[in-house]
Amino acid sequence: MSVNALYDYKFEPKDKVENFNGMQLLYVCWPDHLMFCAPFALLVQPDMTFRALIEEILKPATAAHPDSSKADFLNAEWLLNDEPFTPDADASLIDNGIDHKSMLTVTTPDLKGMAGVGY
Amino acid sequence: MAVQNKKLNLKDKYQYLTRDMGWEPTYQKKEDIFPHEDFEGIKITDWSQWEDPFRLTMDSYWKYQAEKEKKLYAIFDAFAQNNGHQNISDARYVNALKLFLGGVSPLEHGAYQGYAKAGRQFSGTGARVACQMQSIDELRHSQTQQHAMSHYNKHFNGLHDAAHMHDRVWFLSVPKSFFDDARTAGPFEFLTAISFSFEYVLTNLLFVPFMSGAAYNGDMATVTFGFSAQSDEARHMTLGLEVIKFILEQHEDNVPIVQRWIDKWFWRGFRLLSLVSMMMDYMLPNKVMSWSEAWEVYYEQNGGALFKDLERYGIRPPKYQDVANDAKHHLSHQLWTTFYQYSHATNFHTWVPEKEEMDWMSEKYPDTFDKYYRPRYEYLAKEAAAGRRFYNNTLPQLCQVCQVPNLFTEMGAPTKLSHRQLVHEGERYHFCSEACCDIFKHEPEKYVQAWLPVHQIYQGNCEGEDVETVVQKYYHINIGEDNFEYLGSPDHKRWMSIKGEKPADENQDAA
Ligand SMILES: [Fe+2]
Ligand SMILES: [Fe+2]
Ligand SMILES: [Zn+2]
């Protein structure tokens, strides 16, 4: 479908990767940890390694949760844009197929949040 | 003419008023004079079928409004002179006003602009007059609300720059984008969105919480505003119903177009009202009714009857109303815990509800509160007591359409976040729900331009890289005054001294 308008209605998407000064957006969801109300929206370097993403960005982002220090994120279950995904820890995000505005979902099977209700 | 003949009755006066505005053009084409009337695909075969439910003329309108205004300002003056703010239930209540002033009053102003535009675009004079009157009403609402609440600005924080904040602050992009979406649509969609879906179907879910909330919490200024706006709102609601019936009766081709608008605007309104749900359950120290009760009465029952009535036009209830009905058990709790963790970036305070309040919620939400939400507050209270009041130091993913953080859960699965994504012309987009994703699919060109606050911060368009700079410089939120935890805040301390109590314990201080 297309918008009904009085003229040829066409605009640039506001969040194209070139607007992010060499960086890209990445979303990460950690299911069963609703203490963080929504998936994280992170600004990352496309050429950073997956390992660096975990160490430098994901761990600090999740640090407030008691499960964070116990989590083995590298060996957890990953989805990339809803598809099963096996990360290469030493390859860059882009080489892992993680492009701008991709969404990663990381499930830590033994860690199910607090109170038995995924908090 | 009306001046010469003093014996004209109201109906005749109205005839003259409208007839004189509607003439058959001779040297201009009608479509040049009313260029917005056709492009949405709505077919009007006979404008004279329009029944104006009020037949209000300008002279009676001015007279009536002026009388209301006089009474209203007399009460505002008395309220200020008597330090009415000292008689409210508790200073936590003022946070509801902060939300209202930044989130709702600017929408009244947007409605004023929207109805002025729609009132220019219809070739039917009855519809034009009704829109113009409503336009003036809405301007009055915006102004009187600001006057009603301005007294609080002298005594509490966070109320000092509402219009500026409305244009910039992350959560206020939810109401702002809602209204911008409506008033950038054509005139028929605008009326379906605001007059029908919002003012007719959903308005009680906005006004009852705020105005009864004010009454229950001793806020006489806001209550009086509410009474003063009530007769206007009654007119607006009637217009909303008249509009929808008129469009549907004019041509059967209008039915599917209107149905899609109802689906869209019901959902957009429901998402917007999620802010009201938390206000109702959490920000009112004296509670009126729970969000789930309000939803049952004002949507499930009243809305149910309405859509039954519209069945004969071929209209069905809004798509995804089942999701909204299911969400009534969770909505306010999910919103409040979100705002609790992002309190460093809001112009109002948040807090863990007190024990009696939690018991009230257990009673109002027997199937969900104790199981899913009470444990959260117990944990948060424990952390705060240990000096680790929880703030989320990351930014959240936002929905491309409603712009709320993707915090909602799936219907029937309250621990699973609801999320959809799609790729459109090579770009990825993320949504809070199937419903928002549907809205995008119908008009992708509109939503690819969304000004998403989180992405704007990351693009460097908000005067700083870090949240603190953005909050202070770009949002004009005064750090340590307007934001953070309520306990120990300057508002809290001021309230205690008003009540002659000891200032809050230092170790309860905010961040
Ligand atoms: Fe209004
Ligand atoms: Fe209104
Ligand atoms: Zn949404």
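Please refer to the structure placed before this passage.
Since the model is a prediction, treat every value here as computed from it, not as a measurement. (Residues numbered from 1 in each chain as written. Chains lettered and ligands numbered in written order. Predicted model: local features only at pLDDT ≥ 70, side-chain atom pairs only at ≥ 80, totals over all residues. Heavy atoms only, no water.)

All names here are of chain B. The iron ion (ligand 2) binds to the protein through Glu 138 (OE), Glu 199 (OE), Glu 233 (OE) and His 236 (ND1), with metal-donor distances spanning 2.2 to 2.7 Å. What the four donor atoms of the iron ion (ligand 2) show is an angle range of 63 to 173° at the metal, which sorts the shape as irregular. Between the iron ion (ligand 2) and the iron ion (ligand 1), a spacing of 3.2 Å is present, and a bridge between the two is formed by Glu 138. Here Glu 233 pairs with His 236, and both are found in helix 11 (residues 220-250), just three residues apart, close to one helical turn. You'll find Glu 233 and His 236 in the same group, each marked buried. (Donors = N, O, S within 2.8 Å, 3.2 Å for Na, K, Ca; no water. Tetrahedral: all angles 85-135°; square planar, octahedral: opposite > 155°, others 65-115°. Helix = DSSP H or I, 4+ residues; strand = E, 2+ residues; numbered from the N terminus. Buried < 20%, exposed > 50% of the residue type's maximum accessible area, 1.4 Å probe, protein only.)

Taken together, the protein ligands of the zinc ion (ligand 3) are Cys399(B) (SG), Cys402(B) (SG), Cys432(B) (SG) and Cys436(B) (SG), with distances of 2.3 to 2.4 Å. Angles of 104 to 115° at the metal separate the four donor atoms of the zinc ion (ligand 3), which places the site in the tetrahedral class.

The set of residues buried in helix 18 (residues 434-442) of chain B consists of Ala435(B), Cys436(B), Cys437(B), Asp438(B), Ile439(B) and Phe440(B). Where helix 18 of chain B is buried, its residues touch helix 12 (254-283), strand 4 (420-424), strand 5 (427-431) and helix 19 (444-447) of chain B. (Contact = heavy atoms within 4.5 Å.)

Residues and elements named next belong to chain B. The tally for this structure, following the rule as stated, stands at 44 salt bridges over all chains. Residue Glu 354 is joined to Arg 92 by a salt bridge in which the shortest nitrogen-to-oxygen separation is 4.0 Å. Taken together, the residues Glu 354 in the loop between helix 15 (331-341) and helix 16 (355-364) and Arg 92 in the loop between helix 3 (58-81) and helix 4 (94-103) connect sequence positions 262 residues apart. Of the residues examined, Arg 92 reaches a relative accessible area of 6% and is grouped as buried. Here Glu 296 and Lys 328 are joined by a salt bridge, their closest N and O atoms 3.4 Å apart. Of the two residues, Glu 296 is situated in helix 13 (residues 291-310) and Lys 328 in the loop between helix 14 (321-327) and helix 15; the sequence distance between them amounts to 32 residues. For Glu 296, a relative accessible area of 30% corresponds to the partly exposed category. (Salt bridge = Lys/Arg side-chain N within 4 Å of Asp/Glu carboxyl O.)

Turning next to helix 8 (residues 173-183) of chain B. With eight of 11 residues buried, helix 8 of chain B lies mostly within the body of the structure. Taken together, the buried positions of helix 8 of chain B are occupied by Ser173(B), Val174(B), Pro175(B), Ser177(B), Phe178(B), Phe179(B), Asp181(B) and Ala182(B).

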